[in-house]
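# Observations on the three-dimensional arrangement
For reference, the chains in residue letters:
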Amino acid sequence: MKHEAYIRGIGYYAPEKVLTNADLEKIVETSDEWITSRTGIKERHIAAPGETVSDMTAQAARAALADAGLPAEAITHILLYTVTPDYFTPSASCLLEEKLGIRGRVVQDVNAACSGYLYGLEMARAILALHPEAVVLMAAAEVLTSRTNWADRRTCVLFGDAAAAAVVTSQAPPVSQARVMDVRLSSDGSLGHLLTIKGGGSGQPYKLGDVVGEEFFLAMNGPEVFKHAVRNMAGVCEEILSANGLSKDDIALFIPHQANWRIMEAVAKKLSLSTEKVMSTVARFGNTSASTVGVALVEARSAGRIPAGSTVLLAAFGGGFTWGSALLQF
Ligand code: UT7
């Protein structure tokens, strides 16, 4: 028997501190003009010193639970998608569970880089297929600024910090808000070297007293990643539309990964979608990796861009490489 998955509540959290392009002009040789014209980013939120992924996710989770009308006690499973967990161990999902005041749940951290929110939706569906009574808290969060090389202008202007969360259950509307119609995921490890954070892992270990070098921070071949992001997001969107017998005209809103407005525009063009149908929060948040799609989804709903009955197309692309698409029916 097939069990449906529904999004019952959504929420996000962005740290208070905002770093503008003008602030970055004081840190590296860059300009508001370059950042705006090449990426569409104007500002990004930055975690406070000591503010962690589990702290931020706890805030996003509380917002999603309030939106779902459920207490934290109702949660049965926690999936936390991040590449910047608080520690290697304990996991950020264990710390999140503790911060939500609950115990004994099934919890795990997962790394799907910037595709985390979409991978999370699919894994929530899988859990619900096994346990239809489950209440899955799916969170995607990043403190990427903890792994930003502030001396590298090619990357440091791009990223921000944020957390997004969704409560996914098998209860249909009106209890829930949107049906997860379908999710398509993919990956290609042969291209992983184009976007890396290596230092501190078992492939790049440190000994006591070693100096932390550039390998500890995010490194990216931007132009190459750009090409793959456009090609793969467009491809996986075409795949999900065709598999569900839908055309671009059936899509009320397109919410792609928020890395760069030029990438979003290029994907929309390949899909023959008007840019008016593209939701963008990149100007205010920058690239917050795993959480971008979740943040933009909440912002889109608040802005009244998701009328009842509409179909929303989501897409993501990130390190690994990983990518995916999803269709939500509101
Ligand atoms: O979230 C995971 C997925 N990530 C992405 O999707 C990001 C994909 N990549 C991109 O968004 C873009 O490739 C970037 C925004 C990273 C770079 O834009 P670009 O148009 O591809 O620029 P570029 O890397 O080709 O650099 C063009 C020039 C270079 O100067 P030269 O060599 O032509 O003299 C760079 O050194 O711009 C220079 N440049 C900068 N100048 C001012 C690079 N970064 C900066 C900067 N400020 N911050």
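The rules we used
Residues numbered from 1 in each chain as written. Predicted model: local features only at pLDDT ≥ 70, side-chain atom pairs only at ≥ 80, totals over all residues. Heavy atoms only, no water. Pairing = 2+ DSSP bridges. Helix = DSSP H or I, 4+ residues; strand = E, 2+ residues; numbered from the N terminus. Buried < 20%, exposed > 50% of the residue type's maximum accessible area, 1.4 Å probe, protein only. Arc of directions from axis to C-beta. Contact = heavy atoms within 4.5 Å. Polar contact = N/O pair within 3.5 Å; in protein donor to acceptor, adjacent residues only side chain to side chain. Domains from an automatic or database assignment. Buried area = accessible area lost by both parts, 1.4 Å probe. Salt bridge = Lys/Arg side-chain N within 4 Å of Asp/Glu carboxyl O.

Turning to the pairing of strand S8 (residues 178-187), a few remarks are in order. Across 2 bridges, strand S1 (residues 6-13) lies against S8 in antiparallel orientation. Within the sheet, the bridge partner assigned to Ile-7 lies in S8 and is Ala-178. Across 8 bridges, the pairing between S8 and strand S13 (residues 322-329) is antiparallel. Paired with Ser-187 across the two strands is Thr-322, which belongs to S13.

Before going further, it helps to spend a moment on helix H8 (residues 261-270). Residues lying three or four places apart along an α-helix face the same way, a consequence of the helix completing one turn every 3.6 residues. Those residues of H8 that sit buried are Ile-263, Met-264, Val-267 and Ala-268. Down the axis of H8, the buried set is contained in an arc of 135°. They therefore lie on one face. Here the buried face of H8 lies against helix H7 (222-243), strand S11 (251-256) and helix H9 (282-285). Of the residues flanking the start of H8, the one acting as N-cap is Asn-260, its side-chain oxygen 2.8 Å from the backbone nitrogen of Arg-262. Once H8 finishes, Ser-272 follows within two positions and takes phi at roughly 55°, a positive value.

Counting through the fold element by element, Val-295 comes out in helix H10 (residues 292-302). Separated by 283 residues in sequence, Val-295 and Tyr-12 place their C-alpha atoms 5.7 Å apart. Excluding residues within four positions of it along the chain, Val-295 makes contact with Tyr-12, Ala-162, Ala-163, Ala-164 and Phe-285.

As assigned here, the chain comprises domain 1 (6-175) and domain 2 (179-329). Averaged C-alpha coordinates put domain 1 and domain 2 at centres separated by 14 Å. Listed by partner, the interface residues are 47 residues for domain 1 and 51 residues for domain 2. In this assembly, domain 1 packs against domain 2 so that about 4,000 Å² is buried in total across both faces, 65% of it on carbon and sulfur atoms. Three residues, Cys-114, Leu-118 and Arg-147, lead the burial of domain 1 against domain 2; their summed loss comes to 19% of the area buried on that side. Inspection of the region where domain 1 meets domain 2 yields 2 salt bridges. Note that Asp-67 is salt-bridged to Arg-301, the shortest N-O span being 2.8 Å. For the pair domain 1 and domain 2, the interface holds 20 residue pairs in polar contact (both at pLDDT 80 or more). Those elements that provide at least two residues to the side of domain 1 that touches domain 2 are S1, helix H2 (32-39), strand S3 (43-46), helix H5 (116-130), strand S6 (136-143) and strand S7 (161-169).

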